Amino acid sequence: MIPSFEVIYLRFWKMNGAGNDFIIINNMVEHLPETCFPTLARTLCERHLSIGADGLMIVDAPLQGGDYRMLFFNSDGSLGEMCGNGARCICRYGYENGLAGEIQRVETTAGLVTGHRIDQRLYRIRLNDPTTVRLDAPVVIDGVRYECSYLELGDPGLPHAVVPYPNLAQADENALRELGRKIRFYPEFPKGANVNFCELTGEDEVFERTFERGVEDFTYACGTGTGCVVTALTLMGKVSGRQVRVNMTGGQLIVDVDLQGNAVQNLYLTGPTNIVCMGEVTDEELSLN
């Protein structure tokens, strides 16, 4: 059937990693100008009005010898340095579409990320190295002092605050959201921060909730945030750094931290991927002009 109205056709995949969901468009096929990506993200990621997602990922030709390049845009249209769950999904996308083999080398804004296919749905990535680690970076919000660590992954660094929070699973959603919003814009964090509330729930087991910069709300999971939480807890001696299980609203991720003295040598994130759907965008509200 040929529609009687003008339609923009863009081929897309929708995937999620532990509930962190993304729209993927291969620009080596679509040949879109980079100037339209922020508008594309804001339009397509809007839940209820379009496909809906936490972010948009553009697959493009490599520039520095990788298998392909990943550009990540938050749902508000802002460019993100990297996304851990997104990178795991992109690794599967690259494998399934013949862009890479069992090992995937993905160029990101924050640097090269290497992925490994464990099985059909399980992927492991080496996250960007921590470039800033401040384990003692307390914040004062409305007169209350909260323990906090501040870390950045990659260069330019993806900023994360790690905030221990007792009885996190039972916390009031609205109060926690407001606290997350205030820490996210804390003036001593130069680029703002993703805010990762966390609680130790067992030996090498953590519960986490992340208020994400660019989404400006809680997401079901955050891969780089999970990596930063486990990095901070490992350096403080609270977890072993080996096969640390992190539970979130969307599922469980596994983090491994290799230390060389007190420095992180390798940081690995393992978790599931899910291909939710694939098709063509026909959103009549979308303008690429």
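Keep in mind it's a predicted model, so treat the numbers as computed, not measured. (Residues numbered from 1 in each chain as written. Predicted model: local features only at pLDDT ≥ 70, side-chain atom pairs only at ≥ 80, totals over all residues. Heavy atoms only, no water.)

Chemist: Explain the overall build of the protein chain to me, please; I cannot follow it from the model alone.
Modeler: In terms of regular secondary structure, the protein chain is built from 5 helices and 20 strands. Relative to the compact-globule value of 19 Å for 289 residues, the protein chain shows a C-alpha radius of gyration of 19 Å, a close match. In terms of overall dimensions, the protein chain has C-alpha extents of about 60 × 40 × 30 Å along its principal axes. Of all intrachain contacts in the protein chain linking residues separated by at least 6 positions in sequence, the fraction that spans at least 24 positions is 60%. Between the averaged position of the 24 positive side-chain charges in the protein chain and that of its 38 negative side-chain charges there is a distance of 3 Å. (Helix = DSSP H or I, 4+ residues; strand = E, 2+ residues; numbered from the N terminus. Rg over C-alpha atoms; globule rule 2.2 N^0.38 Å. Contact = heavy atoms within 4.5 Å. Lys, Arg positive; Asp, Glu negative; His and termini not counted. Charge placed at Lys NZ, Arg CZ, Asp CG, Glu CD.)

Chemist: Would you take a moment to explain helix α4 (residues 173–184) for this structure?
Modeler: Three or four residues apart is the spacing at which side chains of an α-helix point the same way, because the helix has 3.6 residues per turn. The terminal C-alpha atoms of α4 lie 16 Å apart, and with 12 residues this matches the ideal 16 Å at 1.5 Å per residue to within 8%. What α4 keeps buried is the set Leu 176, Arg 177, Leu 179, Gly 180, Ile 183 and Arg 184. Down the axis of α4, the buried set is contained in an arc of 165°. They therefore lie on one face. One side-chain oxygen of the residue at the start of α4 lies 3.2 Å from the amide nitrogen of Asn 174, identifying that residue as Asp 172. (Expected span 1.5 Å × (residues − 1). Buried < 20%, exposed > 50% of the residue type's maximum accessible area, 1.4 Å probe, protein only. Arc of directions from axis to C-beta. Polar contact = N/O pair within 3.5 Å; in protein donor to acceptor, adjacent residues only side chain to side chain.)

Chemist: For this particular structure, what's the right way to read the side chain of Thr 273?
Modeler: Secondary-structure assignment places Thr 273 in the loop between β19 (263–272) and β20 (274–281). At a separation of 3.2 Å, a polar atom in the side chain of Thr 273 contacts the side chain of Arg 92. Residues within four places of Thr 273 in sequence aside, it is in contact with Met 15, Asn 16, Arg 88, Cys 89, Arg 92, Gln 120, Arg 121 and Tyr 123.

Chemist: I'm lost on the pairing of strand β7 (residues 111–117) in this one. Help?
Modeler: The side chains of a regular strand alternate between both faces of the sheet. Where strand β6 (residues 103–108) meets β7, 6 bridges bridge the pair, whose relative direction is antiparallel. Bridging from a neighbouring strand, Ile 103 pairs with His 116 of β7. Here β6 folds back onto β7, and the loop between the two strands holds 2 residues. (Pairing = 2+ DSSP bridges.)

Chemist: Please clarify how the packing of aromatic side chains should be interpreted in this entry.
Modeler: Geometry of an aromatic ring pair is reported as the spacing of the ring centres plus the angle between the planes. Applying the stated rule across the entire model yields 7 aromatic pairs. Judged by centre distance (5.6 Å) and plane angle (75°), the ring pair of Tyr 165 and Phe 197 falls under edge-to-face. Here Tyr 165, found in the loop between β13 (158–164) and α4, pairs with Phe 197, found in strand β14 (residues 194–202); they are 32 residues apart in sequence, far enough to count as distant. Between Tyr 186 and Phe 189 the ring centres are 5.5 Å apart and the planes differ by 55°, which places this aromatic pair in the tilted class. In this pair, the class of Tyr 186 matches that of Phe 189, namely buried. Site record: aromatic cluster; members linked through ring pairs are Tyr 150, Tyr 186 and Phe 189. Taking NZ or CZ as reference, Arg 184 lies 3.9 Å from the ring centre of Phe 185, over its face. Seen from the ring of Phe 218, Arg 209 lies directly overhead, with NZ or CZ sitting 4.3 Å from the centre. (Phe/Tyr/Trp six-rings, centres within 6.5 Å; stacked < 30°, edge-to-face > 60°. Lys NZ or Arg CZ within 6 Å of the ring centre and 35° of its normal.)

Chemist: Please clarify how the pairing of β13 should be interpreted in this entry.
Modeler: Of all 7 residues making up β13, 6 are buried, and the element is well covered by its neighbours. Relative to β13, strand β12 (residues 149–153) runs antiparallel, the two being bridged by 5 bridges. For Ser 149, the partnering residue across the bridge sits in β13 and is Val 162. Counting the residues that bridge the hairpin from β12 to β13 gives 4 residues, and of these Gly 154 lies at a positive phi of roughly 80°. Strand direction decides the pairing type here: β13 and β14, joined by 5 bridges, are parallel. Bridging from a neighbouring strand, His 160 pairs with Asn 194 of β14. Note on the crossover from β13 through α4 to β14: the handedness is right-handed. (Right-handed = clockwise from strand over helix to strand, strands pointing away.)

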